[in-house]
Amino acid sequence: MTGTPLTLTIPLMPGESTPGFLSRLAARNGIPHMRHFCADIGLARGPILYGEPSELARLAQVSAVPAAALEAASLRKVPGGFSIRGHRIPPSSLRRKDFHVCPACLRADIAESSFSHHVAAYDRLIWKVRTIRTCPIYELGLVDLGAGDFVADQDFTAVLCPHMGRLDALEREADRRPTSELEQYVLTRLDGHLGNAPFLDALELHVAARFCEVIGALSIHGRGLFFERLDEGDWHLAGAAGIAIAGLGGTGIRAFLNELQRAYPYGRSVSASPRSPMGDLRSWLARHKRDASYDVLQNLIGDILDAGPPADVVDKPRRVHPGHWITLPGSVASLDLQGAPSRRRRLLPTAPLIEIDAMKHHQATLAPPTCSLSATEASPGLDQHEAMDRLDCGMPLFQSLVAHGFVRPAQPTARGGWRHAFEAVELDVFLSRLLAAAAPVQEFPEDMVGIAEAAIEGTCTEVEVIHLLLGQRLAMVGRKPGEDGILSILVSSSEVAALVHEHTFLGPTLPEARAELKVKPGALLKLIELGILVIERAVDAASRRAVKVISKRSFQEFSDNYASECSLICYSDPNPYSRIDRLKKSGAKIIRLDRSGNMGTFIKITS
């Protein structure tokens, strides 16, 4: 049948992906799945998903869409990954099977189209790139719809249909945040422009983006970082911090690594954990040593590390002062209880410091932000580094101030622009509010410390101390004489600790739970589906976003009462498999997560 145009066709929408277009075309012709649609009309689904020109030409014939347009909107298979608009991107940096969407965009698609809802809403090509986690139009965090089953594999419309009736709810639940500079940079490169950052521009796009995320994660989380514990919101914040470092090129990267060595001067010559950030950086680079696209990074980082640490670094623990790039150890960690792993600090949704409902804007219709600046208007604004200097704060706190809405960046609209601009007047007003109750103190008690030290001793985040200051919750507030920035503010660490501890949420997020239980993602979701692990809501203190967490009680009960079949086999036993059989025959409670047992089997220890 191929070669004959279909009677029912649809246009290829601006920014739409070719696989998404094929999925909508199937729905337009009354077929729920594009797999069956392709079989019916004689198209080869696989080659279309791989962007093969010959099969795209056949799709062009039946859809009446130019083949060149379909090729430009496709993910074309190339050695080492896929090509998007001329950029080679490996599968690990793409979302091919799972779909992350902007609900506001989909609602706008439906409102502006005469087609039925499931045909009108379309997939965007940029949503396929993992670094893009925020909608640049509506400034909403992308929502994860999951992946389809075998029949609905990579089928956008089939995956979207079950969620069609709750797009407004998804929009309300989505994080509201400005597009990060890293996301703006990636979009600039995908549009065919250079990013005006010579060092990053010289790297392949996926290498530049991932490097920014990695060094940003090291700057925010520091020692003992586990990449697999970070979720999409963590990576968004890390990318925003990382491009501010890497965007300066070799000079900025060298300054960051030197500061990292000063903040964590011990552990370089020993194998004991927790690992040093330098070790994490070396390990990450080592995983890509066979990839020629990483050679520039390998050489630069290798030269810096081979030169050794700065002269003022000693190989032993010591107290360090707040740096420009990094968060001090412990300032974003929650309290360790009963030997539990240290986790990112999260708050109960009812915490008065950061009300979750107050962070959301429940409009019936979300309008695109109108605060972007043109090239001429943006010139008087301060860039990120100038804004940090004006406030006198480090990069992690500055990113938290942006996430909490205390500092609002203006998005550039000039071609090739990706850097944010900040208004000096707004920064000055914010700083004056912070310093309003902070009188200069000539002599202050030992309990009076800076915001960073108070956050460490109170095991909270620096931005929570900012909330306390602006809410006038602290009785003891002062500042160092002759200084007027955030680093000059002095607060009582004991007073801070007393106010923040009662609101701490101690349960793990899903990525943390997977890592601590050592189970596959599907196994964890099955335990949640069975009601063994209970999902609750919390607020990430640093980034202000709502996160799904597992309640501490259900997680602790499961950890205490159940063991995996593999862990029981590992016990010293002359015949471990017989031991498992004896447990099963004795009536021990067994949880088999799937029929084959591939997901895992858990046995109740108390049995």
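All values reported here derive from a predicted model rather than from experimental measurement.

Right, let's talk about the overall build of the chain for a bit. Along its length, the chain carries 29 helices and 16 strands. Evaluated residue by residue, the chain yields a buried proportion of 54% over its 607 residues. Residue pairs in contact within the chain that sit at least 24 positions apart in sequence constitute 70% of those at least 6 positions apart. Carbon and sulfur atoms provide 53% of the accessible area of the chain, an area that totals close to 26,500 Å².

Here we take up the nonpolar core. Counting residues in hydrophobic clusters, the biggest one holds 75 residues, and the most contacted among them are Cys102, Leu200, Phe211, Leu257 and Leu297. It is helix H12 (residues 205-221) that provides the largest number of residues to this core, a total of ten residues. Beyond its immediate chain neighbours, meaning those up to four positions away, Phe211 contacts Phe199, Ala246, Ile253, Trp284, Leu297 and Ile301. One finds Ile220, Ala244, Cys393 and Ile466 within the second-largest nonpolar core, a separate group that totals 41 residues.

Attention now goes to the packing of aromatic side chains. One pass over the full model with this rule turns up seven aromatic pairs. An angle of 25 degrees between the planes, with centres 6.3 Å apart, marks the rings of Phe211 and Trp284 as stacked. A residue pair is termed long-range when its members are at least 10 positions apart, and Phe211 in helix H12 and Trp284 in helix H15 (residues 277-286) qualify at 73 residues. Trp284 sits in the buried class, given a relative accessible area of 3%. Three or more aromatic residues link up through ring pairs in this structure, and these residues are Phe211, Trp284 and Tyr294. Across from the ring centre of Phe150, 4.2 Å away, lies the NZ or CZ of Arg35, which sits over that ring. In this structure, Lys77 is placed above the aromatic ring of Phe82, and the distance from its NZ or CZ to the ring centre is 5.5 Å.

Structurally, Thr18 is set in helix H1 (residues 18-28). When its relative accessible area of 0% is taken as the criterion, Thr18 is described as buried. For Thr18, the contacting residues outside a window of four places in its chain are Ile48, Leu56, Leu59, Leu70, Ala73 and Ser74.

A few words now on the pattern of salt bridges. Side chains that differ in sign of charge can pair as their charged atoms come close. Applying the stated criterion across every chain, the model contains 22 salt bridges. Asp153 serves as the salt-bridge partner of Lys97, at 3.1 Å between the closest nitrogen and oxygen. Taken together, the residues Lys97 in the loop between strand E3 (87-89) and strand E4 (98-101) and Asp153 in the loop between strand E5 (143-147) and helix H8 (156-160) connect sequence positions 56 residues apart. Among the salt bridges present, the one from Asp109 reaches Arg124, with a minimum N-O distance of 2.6 Å. You can see Asp109 sitting in helix H6 (residues 103-111) and its partner Arg124 sitting in the loop between helix H7 (117-120) and E5, a full 15 residues away along the chain. The exposure class assigned to Arg124 is buried, which follows from its relative accessible area of 11%. Residues joined by salt bridges that share partners form a network here, namely Arg95, Arg133, Arg210, Glu213 and Glu232.

With that settled, consider the sheet that holds strand E1 (residues 76-78). Taking strand neighbours across the sheet as the criterion, the three strands line up as E1-E2-E3 in an open arrangement whose pairing is antiparallel. Single-partner strands in this sheet number two, and they are E1 and E3. When strand polarity is set aside, the average angle formed by the axes of neighbouring strands in this sheet is 40 degrees. Taken together, the three bridges between E1 and strand E2 (residues 81-84) define a ladder with antiparallel strand orientation. Looking at E2, one finds that Arg76 is bridged to Ser83.

An order of E7-E9-E10-E8 is seen for the four strands of this open sheet, with the pairing classed as mixed. Edge positions in the sheet fall to strand E7 (439-440) and strand E8 (448-450), since each has one partner strand and no second. Sheet topology note: the E8/strand E10 (residues 489-492) ladder contains three bridges and is antiparallel. Pairing of Gly450 across the sheet is with Leu490, part of E10. Across the sheet, helix H24 (residues 493-500) lies against E8 and E10, angled at about 65 degrees from E10, the strand it touches most.

Glancing now at the side chain of Glu139. Locating Glu139 in the fold gives a position in the loop between H7 and E5. A polar contact of 2.6 Å, which involves the side chain of Glu139, links it to the side chain of Arg408.

We now examine the environment of Glu462. Secondary-structure assignment places Glu462 in helix H23 (residues 462-470). What makes Glu462 buried here is its relative accessible area of 16%. Each C-alpha atom, one on Glu462 and one on Ala542, is 8.0 Å from the other, the two residues being 80 residues apart in sequence. Apart from residues no more than four positions distant in its own chain, Glu462 is found in contact with Leu397, Ile451, Ala452 and Ala455.

This next bit is on H6. Extensive coverage of H6 is indicated by the burial of seven of its nine residues. Where H6 is concerned, the buried positions are Pro103, Ala104, Cys105, Leu106, Ala108, Asp109 and Ile110.

With that settled, the discussion passes to the packing of helix H25 (residues 510-517) against helix H26 (residues 521-529). One way to put it is that H25 packs onto H26 with a least axis distance of 10 Å and a crossing angle of 105 degrees. Here H26 runs roughly perpendicular to H25, going by the angle between their axes. Facing Leu510, Ala513, Arg514 and Leu517 of H25, the residues of H26 in contact are Pro521, Leu524, Leu525 and Ile528. When its residues are assigned to classes, the contact of H25 with H26 shows seven nonpolar, no polar and one charged.

Right, let's talk about H26 for a bit. Those residues of H26 lying buried are Ala523, Leu524, Leu527 and Ile528. Mapping the buried residues of H26 onto a view down its axis gives an arc of 140 degrees, with all of them on the same face. At the C-terminal side of H26, Gly531 shows a positive phi close to 85 degrees.

Moving on to the packing of helix H21 (residues 424-435) against H23. With their axes 8 Å apart at the nearest point, H21 and H23 run at an angle of 75 degrees to one another. Compared by their axis directions, H21 and H23 come out roughly perpendicular. Counted together, Phe430, Arg433 and Leu434 of H21 and Ile466, Leu469 and Leu470 of H23 form the full contact between these two elements. Tallied by class, residues from the contact of H21 with H23 come to five nonpolar, no polar and one charged.

On to empty space enclosed by the protein, then. Throughout the structure, instances matching the rule amount to three cavities of 30 Å³ or more. Of all elements in the fold, only helix H13 (232-246) and helix H20 (395-403) reach the threshold of two or more residues within the lining of the largest cavity. Classifying every residue of the lining of the largest cavity gives eight nonpolar, eight polar and seven charged.

Criteria and thresholds
- Residues numbered from 1 in each chain as written.
- Predicted model: local features only at pLDDT ≥ 70, side-chain atom pairs only at ≥ 80, totals over all residues.
- Heavy atoms only, no water.
- Helix = DSSP H or I, 4+ residues; strand = E, 2+ residues; numbered from the N terminus.
- Buried < 20%, exposed > 50% of the residue type's maximum accessible area, 1.4 Å probe, protein only.
- Contact = heavy atoms within 4.5 Å.
- Areas by Shrake-Rupley, 256 points an atom, 1.4 Å probe, with all protein chains shown as cover.
- Core = buried A, V, L, I, M, F, W, Y, C linked by side-chain atoms within 4.5 Å.
- Phe/Tyr/Trp six-rings, centres within 6.5 Å; stacked < 30°, edge-to-face > 60°.
- Lys NZ or Arg CZ within 6 Å of the ring centre and 35° of its normal.
- Salt bridge = Lys/Arg side-chain N within 4 Å of Asp/Glu carboxyl O.
- Pairing = 2+ DSSP bridges.
- Axes fitted to C-alpha atoms, helices over the stretch in contact; angles between N-to-C directions.
- Polar contact = N/O pair within 3.5 Å; in protein donor to acceptor, adjacent residues only side chain to side chain.
- Parallel < 35°, antiparallel > 145°, perpendicular 65-115°, else oblique.
- Nonpolar A, V, L, I, M, F, W, Y, C, P; charged D, E, K, R; others polar.
- Arc of directions from axis to C-beta.
- 1 Å grid on protein atoms, 1.4 Å probe; cavity = no way out; pocket = protein on both sides within 12 Å on 5 of 7 lines; lining within 4 Å.
- Points joined across faces, edges and corners; volume = space filled by probe spheres on them.

Scope: geometric values only; no functional claims are made or implied.
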